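Listed below, chain by chain, are the residues.
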Amino acid sequence: MGSVIGLSSNMAVSDESLGSLTEDVPKLWASPDDPPVVPEFPETLEGFKYKFNDKGQLRHIETGEPFIFNVRPEGVSYNQRRYEALGEIVTEYVFDLLENELELERMDLPVDALDMEAVTFLYMSPGAMLREKAMILVHGDGVVRAGQWSRKLIINEGLDIGSQIPFIKRAMSEGYGVFVMNTNQCRQLVNGKDKTVRGCSCPEEQMVYVWDRFILPSTDIKHVFIVAHSYGGMASLYMLHQRRDHLEKFAALALTDSAHNILHLGGDASLMQLLREKICNWVSSDLDLDEPVAEIQFKECKCVSAGTTKHEETSWKAFHSIFKWFDEHLKALEDDTIVLDTAAGGDRIEL
């Protein structure tokens, strides 16, 4: 899981630590007798005087400078609220890119939702259920939504580094049907009432729902590859455990600094075998990319270095290695062999 980092002038806090941060910082009012002052923030990027440039980097419209978090050195709570408000706009901006630039289809869940029922959604590439191979992208927990690996990286480094867009573009160009999960959105306000989404009440349940409603019914999908970051690994492994008798289509799972714990899955022998053969975890490490890592905590699956010590960067850093590893598994499936030893381009043996 990510940890809170220093509030420097050009960095924001970890996406996965926002919930508790504002509870322990100074309030926005001067004395107990004064009413709280709730700051109002713009509702557009332009209102914040920022925009994404041609390289997908967030820059100030007037100065061209990167995002500055610490605009009020004495106002920690204000700075954090401002960052969160900007983050919500960035989320909608990414949704817009998925829908209008990549032309993904937004599908409401549950698929048979009634009027006034709480819903969530996922994104699918056109004709995703008609492709022979599919890729499912699963973000971690916290404030991130569909299309994001890390909101912090999107804001501070750019869309190519913090979003799932490079994965989506490459997967589509290589003929994958792409499913972009939105597992943190499991509740919705309906007529002022906070309601849980039926069948998708948590990330784990949503993964099972999508497998049952989109993957299994497709007669065209033969091979399913999953990329899951942080807690997305736990949600993905939960789905594999729950559907362990219906995994004929499962090809491989690439984890990036996964937060899974096999003990939560009952130590199922068949799943343990699956972990050893078809799952690799690219973990934060100071070793070179793809170097084996002796991860005692996650010894049930292969662990290699993502080439970075920063949790939120692991998906971006492992990008090329993941696709190369998937290619190896796809070739092995076509040749009726299994991949051994190395994560990025392992040896194969005939079955």
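About the thresholds
- Residues numbered from 1 in each chain as written.
- Predicted model: local features only at pLDDT ≥ 70, side-chain atom pairs only at ≥ 80, totals over all residues.
- Heavy atoms only, no water.
- Pairing = 2+ DSSP bridges.
- Helix = DSSP H or I, 4+ residues; strand = E, 2+ residues; numbered from the N terminus.
- Axes fitted to C-alpha atoms, helices over the stretch in contact; angles between N-to-C directions.
- Contact = heavy atoms within 4.5 Å.
- Expected span 1.5 Å × (residues − 1).
- Buried < 20%, exposed > 50% of the residue type's maximum accessible area, 1.4 Å probe, protein only.
- Core = buried A, V, L, I, M, F, W, Y, C linked by side-chain atoms within 4.5 Å.
- Salt bridge = Lys/Arg side-chain N within 4 Å of Asp/Glu carboxyl O.
- pLDDT = per-residue confidence, 0-100.

### A look at the sheet that holds strand β11 (residues 279–283)
The strand order across the open sheet built from eight strands is β3-β4-β6-β5-β9-β10-β11-β12, with neighbouring strands paired in mixed fashion. Each edge of the open sheet carries a strand with a single partner, namely β3 (105–109) and β12 (302–305). Direction aside, neighbouring strands of the sheet carry axes that sit 20 degrees apart on average. Of the pairings in the sheet, the one linking strand β10 (residues 250–256) to β11 comprises four bridges and is parallel in character. The residue of β11 that forms the bridge with Leu255 is Asn281. Contacting β5 (133–138), β6 (177–180) and β9 (223–229), helix α5 (residues 165–173) crosses the sheet at an angle of about 155 degrees to β6.

### Overview of helix α6 (residues 203–215)
With 13 residues, α6 should cover 18 Å at 1.5 Å per step; its first-to-last C-alpha distance of 17 Å lies within 8% of that length. Among the residues making up α6, those that are buried are Pro203, Glu204, Gln206, Met207, Val208, Tyr209, Val210, Trp211, Phe214 and Ile215.

### Focus on unusual backbone geometry
Here the residue pair Leu109 and Pro110 is connected by a cis peptide bond, since its omega of 0 degrees sits within 30 degrees of zero. Among the secondary structure elements, Pro110 is positioned in the loop between β3 and β4 (120–124). Unlike most non-glycine residues, Asn191 shows phi in positive territory, near 55 degrees. By the secondary structure assignment, Asn191 is in the loop between β7 (187–190) and β8 (193–196). Residue Asn191 is classed as exposed on the basis of its relative accessible area of 67%. The phi torsion at Ser230 lies on the positive side, around 55 degrees, for a residue other than glycine. As for its placement among the helices and strands, Ser230 is situated in the loop between β9 and α7 (231–242).

### Remarks on the nonpolar core
Residues Trp282 and Phe326 are the most contacted members of the largest nonpolar core, which totals 51 residues. A total of nine residues in this core trace back to one element, the largest contributor, which is helix α2 (residues 76–101). When residues no more than four places from it in sequence are discounted, the contact partners of Phe326 are Met135, Tyr176, Phe225, Ile226, Val227, Ala252 and Ala254. Counting residues in each nonpolar core, the second largest holds 37 residues, with Met124, Phe214, Met239 and Leu247 among its members.

### Re the pattern of salt bridges
Applying the stated criterion across every chain yields a total of eleven salt bridges. With a closest N to O distance of 3.7 Å, Glu99 and Arg106 form a salt bridge. Glu101 serves as the salt-bridge partner of Lys169, at 3.4 Å between the closest nitrogen and oxygen. Separated by 68 residues along the polypeptide, Lys169 in helix α5 and Glu101 in helix α2 bring together distant segments of the chain.

### Here we look at the confidence of the model for the protein chain
Detail in the predicted coordinates should be disregarded across regions flagged by low pLDDT. For the protein chain, per-residue confidence averages 86 on the pLDDT scale, and residues scoring 70 or more make up 81% of the total. Confidence over residues 1–34 falls short of pLDDT 50; this stretch has 75 contacts with residues more than four positions distant or in other chains. Residue range residues 344–351 is modelled with pLDDT below 50. Its contacts to residues more than four positions away, or to other chains, number 30 contacts.

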